[in-house]
Amino acid sequence: MNEKKFETGQAGLRLPDDFRALSHAILTCANRGEPKISFLREVTELIINFSGCDATRIMYKDDSKYFCGSAGITNGQIEFKLEPCSLDQDHVGPGSRAAVLDQLSRDVIRRNFDPSLPFFTPFGSFWTGSADRPLEFGQVTKEYSRFHGLIVDGDYLTVALVPITVISETVGLLHLQSKKRDYLTKFDLALYETVAQALGVALMNHRAQAALRERVKELTCLYGIATLSEQPGISSQEILQGIADLLPPAWQYPEIACGKVVFDDFAYMSPGAVEGAQRQSARIIVHGAERGDVEVAYSKTMPDLDEGPFLQEERKLIDTVASHIALIIERKQAEEERQKLQDQLRHADRLATIGQLAAGVAHELNEPLGSILGFAQLANKNPGVPKESSGDIQRIVNAALHAREVVKKLMLFSRQMPTRKEHVDLNKIVKEGLYFLESRASKSNIEITRSLASGVPLIFADQSQLYQVLVNLTVNAVQAMPDGGKLTLKTEACGGRVHLIVEDTGIGMSQEVLGKLFIPFFTTKDVNEGTGLGLSVVHGIVTSHGGTISVESEVGHGTRFTISLPSAGEKGADGGDN
Ligand code: ADP
């Protein structure tokens, strides 16, 4: 069946079927899933091209805020703009043409007008009249005739404001303007009213789809972060870099978005990231302390939306990402601490097992060694021993004495040596125990610095064993500085404990050496230089006194041993001496 052809203001160029096609095109646009601005641009351009008007605007409410896309013709070209639009506040008093138009737009949206006035259609659109039904100004109220006069006073002689309604709620306005007088007929307007309804559906559809898309992007980003952080053996640095890479695709303009995570003054950036003027960021707070931030920046200036060019959903996402990072870091730290504790336990366990073994060996060797030494010494005292044999017997005695030293050290390590504990002043031990070292240190060009805290509490300890600890640590320090350096000895009192710190500026140790340090017979030195028992002995003595040892070392920079012993509660007689 042929459609009846209406006599339209556009010289009969448009048929109802054309309007239907326009509605269809608008609905198709909404389904294409483009960002809000591109969608508004496309629809306003479609309408301006279709209508032949000189300017169109689409105003609509999205999340309690009005958006306004306008298209006008300048030098034969369509120019699109996203304009600020505040239709929430009433205009008071006389104003410009734009202010009057805004007030009229508000009236149309709120249906706040007298429908019997000739400016309004039964559907509720405002329009300046047409050739078909000329306005009779005598009939209208003074107020509206003033509006009318003002509106058609400018460049545009035809103005139409068509409400966009969705399920009987007015959500926006389609605004058409032409420089020609009476450009739109009553029939045109009725057809634009149907287009406005399609536009309402399209706007809602676009909004629902955009929300869904944002949700999918948000979930994809969060899922990516979760998968990343679950990867076995992945470092915190790799996770932070991965998160910076995951950010751009979750934002509205991925092609110009740059992701950046700054954590503890280190920056992790997505590939090709540049500094952009428009940015959205959120702080990373770990255990109440600010440690950095997450940021997304656009490399080009984009039109304003909810928060600058960013969406409300993007604000929520960036905040969630920042709190996820904080959680991941907290979890990683807890994991690292647990791992460290486990390593320490494993190490202590291994040392305890070795200690038991050493104790057994030492015990078994002690007796036969005693016999070897005793009988060899007896044999050597025999006057009938030939001279050559006496020399050999003396070698046996020396070897047995050396073996007994080793056994003694093993027993110290495995805490089998009897101790004679008394109240001891650690400062005094450091002062007196250093004499043996001074000449050797000065020969090796080593400067010794003492920093002894005053009033260090006494400790309940075996004095000779503490000398042994000091000697073993300082000998190692001197050996670690073959080309000279600085040896620092410090004492300090710290919360019911007393610390002895031995620090050198020597060769330092690798992680591998650090892991084996206290194991008996572990040495990196030549046969004549070390037995590998020095630190095992230190460990045995310190633990048998209820103390702990910690080591910090850096290859090429030096080593610091800190021995912490429980204080006996009484202040030492000897004051500090630096
Ligand atoms: P030894 O000194 O007889 O080798 P230790 O048990 O005293 O045995 O030390 C074990 C190893 O620890 C040493 O061989 C050395 O590699 C390393 N070490 C100990 N103290 C230091 C130090 N201050 N600087 C560098 N390395 C050290």
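The model shown is predicted, which means the values in this text are computed figures rather than measured ones.

### Overview of the site of the ligand
Point 1. Near the ligand you find 19 residues, and of these Asn-476, Thr-523, Thr-524, Lys-525 and Leu-535 are the closest.
Point 2. Between Thr-531 and the ligand, the recorded distance is 3.0 Å, taken from a backbone N or O atom to an oxygen atom.
Point 3. Look at the ligand: alone it shows 530 Å² of surface, and the protein chains cover 94% of it.
Point 4. Mapped by element, the contributors of at least two residues to the shell around the ligand are helix H11 (463-479), helix H13 (534-544) and strand S17 (558-566).
Point 5. Residue composition of the shell around the ligand, by class: eight nonpolar, nine polar and two charged.

### Quick look at the packing of helix H1 (residues 16-31) against helix H2 (residues 36-51)
Point 1. Two elements in contact, H1 and H2, have axes whose closest approach is 10 Å; the angle formed by their N-to-C orientations is 170°. Accordingly, the angle class assigned to the pair H1 and H2 is roughly antiparallel. Residues Asp-18, Phe-19, Leu-22, Ala-25, Ile-26, Cys-29 and Ala-30 of H1 touch H2, and the partners they reach there are Phe-39, Glu-42, Val-43, Leu-46, Ile-47 and Phe-50.
Point 2. Broken down by class, the residue content of the contact of H1 with H2 amounts to 11 nonpolar, no polar and two charged.

### Let's talk about the nonpolar core
Point 1. Counting 70 residues, the largest nonpolar core has Trp-251 and Val-321 as the members making the most contacts within it.
Point 2. Ranked by the residues each element gives to this core, the list is headed by helix H5 (residues 186-230), at 12 residues.
Point 3. In this view, Val-321 contacts Cys-221, Leu-222, Ile-225, Ile-243, Leu-247 and Val-294; residues no more than four positions away in its chain are not counted.
Point 4. Grouped together as the second largest cluster of nonpolar side chains are 54 residues, Ala-441, Val-478, Met-481 and Ile-541 included.

### Brief notes about the sheet that holds strand S10 (residues 289-298)
Point 1. Taken together, the four strands give an open sheet; going across it, the order is S8-S7-S10-S9, and neighbouring strands pair in antiparallel fashion. Single-partner strands in this sheet number two, and they are strand S8 (266-269) and strand S9 (278-286). Averaged over all adjacent pairs, the angle separating strand axes in this sheet is 20°, with direction ignored.
Point 2. Taken together, the four bridges between strand S7 (residues 257-263) and S8 define a ladder with antiparallel strand orientation. Within S8, the position partnered with Val-262 by the bridge is Ala-267.
Point 3. Sitting on the sheet, helix H6 (residues 236-246) is in contact with S7 and S8, with an inclination near 45° to S8.

### Let's talk about the packing of aromatic side chains
Point 1. With the rule as written, the count across this model stands at seven aromatic pairs.
Point 2. With a centroid separation of 6.2 Å and 35° between ring planes, the pair formed by Tyr-60 and Phe-67 is classed as tilted.
Point 3. Relative accessible area serves as the criterion here: at 3%, Tyr-60 is assigned to the buried category.
Point 4. Judged by relative accessible area, which is 5%, Phe-67 ranks as buried.

### Looking at the pairing of S17
Point 1. Of all nine residues in S17, seven are buried; the element is thus mostly enclosed.
Point 2. Both strand S15 (residues 497-504) and S17 contribute to a ladder of eight bridges, which runs antiparallel. Paired with Arg-497 across the strands is Pro-566, a residue of S17.
Point 3. Between the antiparallel neighbours strand S16 (residues 548-554) and S17 lie three residues, among them Gly-556 with a positive phi of about 85°.

### Side note on the sheet that holds strand S14 (residues 485-494)
Point 1. On the basis of which strands lie adjacent, the open sheet formed by five strands has the order S12-S14-S15-S17-S16 and mixed pairing. Looking at strand neighbours, the two that pair on one side only are strand S12 (446-452) and S16, the edges of this open sheet. For this sheet the average axis-to-axis angle between neighbouring strands, irrespective of direction, equals 10°.
Point 2. Pairing geometry for S14 and S15, over eight bridges, is antiparallel. Along S15, the bridge assignment pairs Leu-489 with Val-502.
Point 3. The sheet strands contacting helix H9 (residues 426-433) are S12, S14 and S15, and the helix crosses S12 at an angle near 160°.
Point 4. This element, helix H10 (residues 435-443), spans S12 and S14 of the sheet and lies at about 140° to S12.

What counts, and where the lines are drawn
- Residues numbered from 1 in each chain as written.
- Predicted model: local features only at pLDDT ≥ 70, side-chain atom pairs only at ≥ 80, totals over all residues.
- Heavy atoms only, no water.
- Near = heavy atom within 4 Å.
- Polar contact = N/O pair within 3.5 Å; in protein donor to acceptor, adjacent residues only side chain to side chain.
- Areas by Shrake-Rupley, 256 points an atom, 1.4 Å probe, with all protein chains shown as cover.
- Helix = DSSP H or I, 4+ residues; strand = E, 2+ residues; numbered from the N terminus.
- Nonpolar A, V, L, I, M, F, W, Y, C, P; charged D, E, K, R; others polar.
- Axes fitted to C-alpha atoms, helices over the stretch in contact; angles between N-to-C directions.
- Parallel < 35°, antiparallel > 145°, perpendicular 65-115°, else oblique.
- Contact = heavy atoms within 4.5 Å.
- Core = buried A, V, L, I, M, F, W, Y, C linked by side-chain atoms within 4.5 Å.
- Buried < 20%, exposed > 50% of the residue type's maximum accessible area, 1.4 Å probe, protein only.
- Pairing = 2+ DSSP bridges.
- Phe/Tyr/Trp six-rings, centres within 6.5 Å; stacked < 30°, edge-to-face > 60°.

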